[in-house]
Amino acid sequence: MHNIALVSGTRPEIIKLAPIYHALRRVSWARVQWLHTGQHDEMAQQTLTCFDIIPDIVLQRGGRTLAEFGAGCRLQLEGRMAGQLWSAVVVQG
């Protein structure tokens, strides 16, 4: 079994990754997890719902500026990556 993570933050990223997510969920050799960065949370949640996707991991949006968000997101991602063994990580964006 291969653990595969799909990472998204924005609506266009979700739209592009959704078909890959659903295709991977149909195969027996993969366990797919969706990680949402918390970016554009309200719009992203609406898009995730449209594609019938419930993220397995949701990072907490922090900071007021893009730099603060980026730094907080990287710290949370680093912690998640260290605690999980993935065969592949697909990031769109």
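See the structure printed just above.
Just so it is clear, the structure is predicted and the values come from calculations on it, not from any experiment.

What counts, and at which threshold
- In every chain, residue numbers begin from 1 and rise along the written sequence.
- In keeping with the predicted nature of the model, local features appear solely for residues at pLDDT of at least 70, side-chain atom pairs appear and are counted solely at 80 or more, and the whole-chain, interface and lining totals rest on all residues.
- Neither water nor hydrogens contribute to the side-chain values; these are computed over all heavy atoms in the structure.
- Here, patches come from residues exposed beyond 30% relative accessible area and free of salt bridges, joined within 9 Å for like charges and within 5 Å for nonpolar side chains (Val, Leu, Ile, Met, Phe, Trp, Tyr).
- We get accessible surface area from the Shrake-Rupley algorithm with a probe of 1.4 Å; when it comes to residues, only the shown protein chains can shield them.
- Any Lys or Arg side-chain nitrogen found within 4 Å of a carboxyl oxygen on Asp or Glu counts as a salt bridge.
- Runs of H or I in DSSP of at least four residues are treated as helices and runs of E of at least two as strands, each being numbered from the N terminus.
- Strands are labelled as partners when DSSP assigns at least two bridges between them.
- Nonpolar core, defined: a set of buried Ala, Val, Leu, Ile, Met, Phe, Trp, Tyr and Cys residues in which side-chain atoms within 4.5 Å join the residues together.
- Burial status follows relative accessibility: with a 1.4 Å probe on protein chains alone, a residue under 20% of its type maximum counts as buried, one over 50% as exposed, and anything between as partly exposed.
- Residues count as neighbours in contact if any of their non-hydrogen atoms are within 4.5 Å of one another.
- The convention used is that axes are lines fitted to C-alpha atoms, helices contributing only their stretch in contact, and that angles between N-to-C directions extend from 0 to 180 degrees.
- Under this scheme an angle from 65 to 115 degrees is roughly perpendicular, one under 35 degrees roughly parallel, and one over 145 degrees roughly antiparallel; angles in between are oblique.
- Put simply, a crossing is left-handed when the front helix is turned counterclockwise from the back one by less than a right angle, and right-handed when it is turned clockwise.
- Polar here means any residue outside two lists: the nonpolar Ala, Val, Leu, Ile, Met, Phe, Trp, Tyr, Cys and Pro, and the charged Asp, Glu, Lys and Arg; Gly therefore counts as polar.

A.B. asks: Break down a nonpolar patch on the surface for me, citing the residues and quoting the values.
C.D. replies: On the surface, a nonpolar cluster with roughly 240 Å² of combined accessible area is contributed by M81, V89 and V91. Tracing the backbone shows V89 in strand 4 (residues 88-91).

A.B. asks: So what's going on with the sheet that holds strand 2 (residues 30-36)? Which residues, and what values?
C.D. replies: One open sheet holds the four strands; their spatial order is 3-2-1-4, and the pairing between them is parallel. Looking at which strands have only one partner, the edges of the open sheet turn out to be strand 3 (57-58) and strand 4. The sheet contact formed by strand 1 (residues 2-8) and strand 4 spans four bridges and is parallel. Within strand 4, the position partnered with V7 by the bridge is V91.

A.B. asks: Report on the nonpolar core, specifying residues and quantitative values.
C.D. replies: L6, Y21, W34 and I53 are the most contacted members of the largest nonpolar core, which has 13 residues in total. Of all the elements in the fold, those that place two or more residues in this core are strand 1, helix 1 (11-25), strand 2 and helix 2 (41-50). Counting residues per element, this core draws most heavily on helix 1, which supplies five residues. The contact partners of Y21, leaving out residues within four places of it in the chain, are L6, V32, W34, I53 and I54. The next biggest cluster of nonpolar side chains, apart from the first, holds six residues, and it includes V7, L35, I57 and W86.

A.B. asks: Give a detailed account of the environment of V58, specifying residues and quantitative values.
C.D. replies: Locating V58 in the fold gives a position in strand 3. Expressed as a C-alpha distance, the spacing of V58 and D41, which sit 17 residues apart in the sequence, is 9.8 Å.

A.B. asks: I'd like to hear about unusual backbone geometry, residue by residue, with values.
C.D. replies: A negative phi angle characterises most non-glycine residues, just as the trans form characterises most peptide bonds. The backbone of D52 shows a phi angle near 55°, a positive value even though the residue is not glycine. Examined against the element boundaries, D52 turns out to sit in the loop between helix 2 and strand 3.

A.B. asks: Can you break down the packing of helix 1 against helix 2 residue by residue, with the values?
C.D. replies: For the pair helix 1 and helix 2, the least separation of the axes is 9 Å and the interaxial angle reads 20°. Our classification of the angle between helix 1 and helix 2 gives roughly parallel. As helix 1 runs across helix 2, the sense of the crossing is right-handed. Contacts from R11, I14 and I15 of helix 1 reach helix 2 at A44, T47 and L48. For the contact of helix 1 with helix 2, a count of residues per class yields four nonpolar, one polar and one charged.

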